[in-house]
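# Overview (structure and organization)
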Amino acid sequence: MSEHGEGWDWAKPKTDPLPPEIDTTKPSIARVYDWFLGGKDNFAIDRQVAEMALKISPGAKEAGQQNREFLQRVVYHMAAEAGVRQFIDIGSGLPTQGNVHQVAQQVDPAAKVVYVDNDPMVLVHGRALLATNGSTTVIQADAREPQAILDHEQVRDFIDFSQPVGLLLLSILHHLNDAEDPKGVAATLRAPLVSGSFVAVSHFCNPGDVDPAASQQAATVEKVFNENLGTGRWRTREEITEYFGDFEVLEPGLVPLPEWRAEPDLAVRNALLYHTYYGGLARKA
Ligand SMILES: C[S@@+](CC[C@H](N)C(=O)[O-])C[C@H]1O[C@@H](n2cnc3c(N)ncnc32)[C@H](O)[C@@H]1O
């Protein structure tokens, strides 16, 4: 694997210098997650952190995969079954397989998607991927400043707030620590959404007494994440539920990711992981 993050410019991956804002000496959440998903857009420092987490939680790659599958199921539900035609994806991550716009635009090629991430590498890759897609855009912005996201020129250009919106908060709120007020962030982003809109959440979970072994493992991985990435909170189901606010949580509720409307025979290969990653979808009545 190249030390230059092979994928960053598909035309000339080995000769172009990296944009200066991409710091390869510090791990980045987006690039660590990319490694878990089998991507190439990561550096040695990202792989070190990912491998440390993998030692404690051997199913971490599978967990990332389950999160992506959950993303695809919720987006497909919103687009195909509920007719949503515009999506805001906060903390969208580096482009990978089955991105939000690919799922939504399979249903309707005109569906609009705005990707939002604060990692400069996401912007570089996103722009390359989306150069020819007029219905999708990517902006660099910080989830901790949610009103600035809503007021962003490109968000205003792409999203018609008089129509339903699918707001995606997938594996992002657990990267905000408690002092950064993830509940307030979710509330601000939900506020302008009209009836028929949705919010989808996936989040690391500490199941506590529901599953003491998984709870212990969650606490250990949380420590590794915080020591190396400065982020990562495994919250309780009750805390995660608050991110839906007064939206109605749809069946089957906030559940372990493989339980959310998956194929009935989906194998759950790693029992310890099961209660440490939850997801759900809620609708504004
Ligand atoms: C684990 S990835 C999740 C990607 C995608 N949402 C998914 O569920 O597959 C988390 C992403 O959130 C981004 N992120 C972390 N903190 C952020 C912040 N304060 N504002 C915007 N993006 C952030 C990271 O750069 C990373 O790309």
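Residues numbered from 1 in each chain as written. Predicted model: local features only at pLDDT ≥ 70, side-chain atom pairs only at ≥ 80, totals over all residues. Heavy atoms only, no water.

As annotated in an unreviewed UniProt entry, the chain is SAM-dependent methyltransferase from Sphaerisporangium rubeum.

Turning to the packing of helix α2 (residues 44-56) against helix α9 (residues 212-228), a few remarks are in order. Where α2 meets α9, the closest approach of the two axes is 10 Å, and the angle between their N-to-C directions is 165°. Taken together, α2 and α9 sit at an angle that is classed as roughly antiparallel. Every pair of crossing elements has a handedness; the one defined by α2 and α9 is right-handed. Facing V49, M52, A53 and I56 of α2, the residues of α9 in contact are Q217, T220, V221, V224, F225 and N228. The residue makeup of the contact of α2 with α9, split by class, is seven nonpolar, three polar and no charged. (Axes fitted to C-alpha atoms, helices over the stretch in contact; angles between N-to-C directions. Helix = DSSP H or I, 4+ residues; strand = E, 2+ residues; numbered from the N terminus. Parallel < 35°, antiparallel > 145°, perpendicular 65-115°, else oblique. Left-handed = near helix turned anticlockwise from the far one by under 90°. Contact = heavy atoms within 4.5 Å. Nonpolar A, V, L, I, M, F, W, Y, C, P; charged D, E, K, R; others polar.)

Where helix α1 (residues 29-36) contacts helix α3 (residues 60-81), the axes come no closer than 8 Å and their chain directions differ by 100°. Compared by their axis directions, α1 and α3 come out roughly perpendicular. Across the interface between the two elements, Y33, W35 and F36 from α1 touch A60, K61, G64, N67 and R68 from α3.

With that settled, consider the packing of aromatic side chains. The tally for this structure, following the rule as stated, stands at six aromatic pairs. Here F204 and F225 contribute two aromatic rings whose centre-to-centre distance is 5.9 Å and whose plane-to-plane angle is 85°, an arrangement assigned as edge-to-face. Of this pair, F204 sits in strand β5 (residues 198-204) while F225 sits in helix α9, and the two are 21 residues apart along the sequence. Judged by centre distance (4.1 Å) and plane angle (15°), the rings of F204 and W234 are stacked. In this pair, F204 is assigned in strand β5 and W234 in the loop between α9 and α10 (237-241), connecting sequence segments 30 residues apart. Accessibility classification places F204 together with W234 in one group, the buried group. An aromatic cluster of at least three residues, connected via ring pairs, comprises F204, F225, W234 and Y277. Sitting above the plane of the W35 ring, K61 keeps its charged end 4.4 Å from the centroid. Across the ring face of F158, the terminal group of K112 is positioned such that the distance to the ring centre comes to 5.7 Å. (Phe/Tyr/Trp six-rings, centres within 6.5 Å; stacked < 30°, edge-to-face > 60°. Buried < 20%, exposed > 50% of the residue type's maximum accessible area, 1.4 Å probe, protein only. Lys NZ or Arg CZ within 6 Å of the ring centre and 35° of its normal.)

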